[in-house]
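# Structure at a glance
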Amino acid sequence: NLSDKLDKAFHILKGHGKITEVNVAETLKEVRRALLDADVNFKIAKDFTTKVKEKAIGQNVLTTLQPGQLLVKIVKDELTELMGGDVAGINLSGNPTVILMSGLQGSGKTTFSGKLANYLQTKKNKKPLLVACDIYRPAAIQQLYVVGDSIAVEVYSEPENKNPVEIAQNAIKHAKANGFNVVIVDTAGRLAVDEAMMTEISNVHKAIQPHETLFVVDSMTGQDAVNTAKAFNDRLNFDGVILTKLDGDTRGGAAISIKSVVNKPIKFVGTGEKMDAIDVFYPSRMAERILGMGDVVSLVERAQEQFDEEEARKIQKKIAKNEFGFDDFLSQIQQVKKMGNMKDLVGMIPGATKAMKDVEIEDDAFKSIEAIIHSMTPKERSKPVIIDVKRKARIAKGSGTKIEQVNQLMKQFEQMSKMMKIMQGPGGKNMMKMMGN
Ligand code: GDP
Ligand code: MG
């Protein structure tokens, strides 16, 4: 699947120290292939990788990060942008707010009508009315009643009337007279785009002038979803897209392509058959889902915020010159602490959560370490070799710890200095590795 492929693509970058034209090209070729496999339109995939490449090359790679991690972040930001950037809200103006559902048969209009009614009733304190305008099959009207019953929302229907325009207009009158402030009009779809369906939905659209016209599409339909979206948008100029069936073995590609082709925001996603299986669409979360990179992105963002690049370079130099002391150790600890709760941090590393599940990481694990270092004289901090038994006893007393704890820290520090010299970077990632050991 897509995330496996991207995983592989990013793996190529591992071990390289810099983002360069050569290593980025190979990785982005994989990214493009993965997007194409997920049914993203060819031109969109190509433009996308070109943009990422421009952004990536020449980027300073923080010493604490792998170039691959930084590229993940760039890819994610671009994907987010491609899917609309921000969260698109639903327009609830008007009294009543009129919402029209459109889309092919089986896309999930009736189910989503119920989900939206339920969402507005429970989360937005609204009083919605569901309207049955699928007049071709008695079973369709019955289906909407079942949905309405399950969420305690009234359904308006006129089984004898075969004119969806009239039914929708009458429903709005009924809503006004009975204090409903949202009217959700469920319509008939067909298996493929045809003129009769388009004419019918256009007529309803013209007659009721909805505040929100939503296009519902099955996310499993891949490239076809784009063509259908275009056909509906040409006729209805809809306001937003609903991506259903994102719970299955779905291709995230539809979300990317639809947004690029019709330039309308995706507003909600459906993630199951039940009435509460509805989510607001977050472009950044979707990008993360498509990338399947755990929370690597947030880890990178936090690292970027908190790590002072210059500081890291200075420390690297010190290590090279054998000048790394307890003051530097202390500032490293403070950097890591600034990044947040240790458990959170470890949880953000893909694969680490499982491995670390049984390891107890205490948030204040650093407290006694800090106390001990604070009890050292500046000279002891910069030249730890001078710390003998007598000094250790004084430090233990001053920091309120036991001499064994001081010994332990000295040992850890020694090991750490050794390891740091071996490893390239002195940053948070390496620190955490050592803390975990
Ligand atoms: P309509 O013809 O557009 O009204 O589509 P329906 O609402 O009748 O849905 C068609 C089928 O898809 C039904 O079996 C629904 O239960 C199912 N369905 C709708 N939305 C979702 C979803 O988000 N996830 C899953 N797994 N099934 C869905
Ligand atoms: Mg239906």
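Keep in mind that this is a model prediction, so the values were computed, not measured. Counting of residues starts from 1 at the beginning of each chain's written sequence and follows it residue by residue. The order in which chains are written sets their letters, starting at A; the order in which ligands are written sets their numbers, starting at 1. Whole-chain, interface and lining totals are the exception, using all residues; otherwise, since this is a predicted model, local features are given only for residues with pLDDT of at least 70 and side-chain atom pairs are given and counted only at 80 or more.

Here we come to the pairing of strand β2 (residues 128–133). In this scheme the burial state of a residue depends on its C-beta neighbours within 10 Å: 20 or more other such atoms mean buried, 12 or fewer mean exposed, and anything in between means partly exposed; the C-beta positions come from the backbone. The secondary structure listing takes helices from DSSP runs of H or I that are at least 4 residues long and strands from runs of E that are at least 2 residues long, numbered from the N terminus. Within β2, 6 of the 6 residues are buried, which leaves the element mostly enclosed by the surrounding structure. Neither face of β2 is open: one carries Pro128, Leu130 and Ala132, the other Leu129, Val131 and Cys133, and all of them are buried. Pairing of β2 with strand β4 (residues 182–187), which is carried by 6 bridges, proceeds in the parallel orientation. Following the sheet pairing, Pro128 is matched in β4 by Val182. Pairing between two strands is assigned when DSSP locates at least 2 bridges connecting them. Taken together, the 3 bridges between β2 and strand β3 (residues 154–156) define a ladder with parallel strand orientation. Residue pairing across strands places Leu129 opposite Glu154, the latter belonging to β3.

Nearness here is judged by the C-beta atom: place it from the backbone, and if it falls within 6 Å of a molecule or strand, the residue counts as near that partner. Taken together, 18 residues surround ligand 1, and among them Gly108, Lys109, Thr110, Thr111 and Gly270 come closest. With 3 residues, helix α5 (residues 109–123) is the largest single contributor of residues to the shell around ligand 1. Asp, Glu, Lys and Arg are counted as charged, while Ala, Val, Leu, Ile, Met, Phe, Trp, Tyr, Cys and Pro are counted as nonpolar; the rest, among them Gly, fall into the polar class. For the shell around ligand 1, the class distribution of residues is 1 nonpolar, 13 polar and 4 charged.

A separate point is the UniProt feature "domain: SRP54-type proteins GTP-binding" (unreviewed entry) in the protein chain. UniProt positions are given in the numbering used here, feature names are shortened, and annotations may be inferred rather than shown by experiment. Mapped onto this structure's residue numbering, the UniProt feature "domain: SRP54-type proteins GTP-binding" (unreviewed entry) falls at residues 265–278. A distance of 16 Å separates the end C-alpha atoms of residues 265–278, which is 0% helix and 43% strand.

As a further point, take the pairing of strand β7 (residues 266–270). Across the 5 residues of β7, 5 count as buried, placing the element largely inside the fold. As judged from the 3 bridges shared by strand β6 (residues 240–244) and β7, these two strands associate in the parallel manner. Across the sheet, the residue bridging to Leu243 is Val269, located in β7. Looking at chain direction, β7 and strand β8 (residues 278–280) are connected through 3 bridges and run antiparallel. Within β8, the residue paired with Phe268 across the bridge is Val280.

Angular values range over 0 to 180 degrees, each being the angle between N-to-C directions of two axes fitted as lines to C-alpha atoms, with helices fitted over their stretch in contact. Two elements in contact, helix α9 (residues 223–236) and helix α10 (residues 253–262), have axes whose closest approach is 9 Å; the angle formed by their N-to-C orientations is 30°. Seen from above, α9 lies across α10 with right-handed handedness. Residues Ala225, Val226, Ala229, Lys230 and Asn233 of α9 form the contact with α10, whose participating residues are Ala254, Ser257, Ile258, Val261 and Val262. A per-class count over the contact of α9 with α10 returns 7 nonpolar, 2 polar and 1 charged. Note on convention: near helix rotated counterclockwise from far helix by under a right angle means a left-handed crossing. Clockwise means right-handed. Residue pairs are scored as contacts if the distance between their C-beta atoms, which are placed from the backbone, is within 7 Å.

With that settled, the discussion passes to α9. Residues that lie three or four places apart on an α-helix share one face, since the helix turns once every 3.6 residues. Its 14 residues place the ends of α9 20 Å apart at the C-alpha level, agreeing with the 20 Å of an ideal helix rising 1.5 Å per residue. Of all the positions in α9, only Ala225, Val226, Thr228, Ala229, Phe232 and Leu236 are classed as buried. For α9, the arc enclosing every buried residue in end-on projection is 165°, short of the 170-degree limit, so these residues lie on one face. Buried residues belonging to α9 abut β1 (97–102), α8 (195–208), β5 (212–218), β6 and α10. Trailing α9 by a residue or two, Asn237 shows a phi angle of about 45°, which is positive. The span you would expect from a helix comes to 1.5 Å times its residue count less one. Within this analysis, the arc is defined by the directions that extend from the helix axis to the C-beta atoms.

The 8 strands lie next to each other as β3-β2-β4-β1-β5-β6-β7-β8, forming an open sheet whose pairing is mixed. Of all the strands in the sheet, the pair left with one neighbour each is β3 and β8. Within the sheet, the average angular offset between the axes of one strand and its neighbour, ignoring direction, is 25°. Contacts between α10 and the sheet are confined to β5, β6 and β7, with β6 contributing the most and set at about 165° to the helix.

A word on unusual backbone geometry. Of note, the amide linkage connecting Asn95 to Pro96 takes the cis form, showing an omega dihedral of 0°. At Gln209, a residue that is not glycine, the phi angle is positive and equals roughly 45°. By C-beta crowding, Gln209 is classed as exposed, having 11 other C-beta atoms within 10 Å. One non-glycine residue with positive phi stands out, namely Lys245, at about 60°. Inspection of the secondary structure puts Lys245 in the loop between β6 and α10.

For the rest of this paragraph, the subject is the packing of α5 against helix α6 (residues 138–151). Packing of α5 against α6 leaves a shortest axis separation of 10 Å and a crossing angle of 25°. Taken together, the axes of α5 and α6 are roughly parallel relative to one another. As for how α5 packs across α6, the hand of that crossing is right-handed. Between α5 and α6, the residues in contact are Thr110, Gly114, Ala117, Asn118 and Gln121 and Ala140, Gln143, Leu144, Val147, Gly148 and Ile151, respectively. Tallied by class, residues from the contact of α5 with α6 come to 5 nonpolar, 6 polar and no charged. Oblique is the label for every angle not falling under 35 degrees (roughly parallel), over 145 degrees (roughly antiparallel), or within 65 to 115 degrees (roughly perpendicular).

The subject of this paragraph is the nonpolar core. Here a nonpolar core is just a set of buried residues of the types Ala, Val, Leu, Ile, Met, Phe, Trp, Tyr and Cys, joined wherever their C-beta atoms sit within 7 Å. Among the nonpolar cores identified, the biggest contains 78 residues, and Val131, Val183 and Val185 are the most heavily contacted of them. Sorting elements by how many residues they give to this core places helix α4 (residues 67–82) first, with 7 residues. When residues of this core are assigned to domains, at least three fall in each of domain 1 (2–86) and domain 2 (97–281). The contact partners of Val183, leaving out residues within four places of it in the chain, are Pro96, Val98, Ile99, Leu129, Val131, Ala171, Ile172 and Ala175. Formed by 9 residues, the second largest nonpolar core is a distinct cluster that contains Ile369, Ile372, Ile373 and Leu409. Residue ranges assigned to each domain were obtained from an automatic or database domain assignment.

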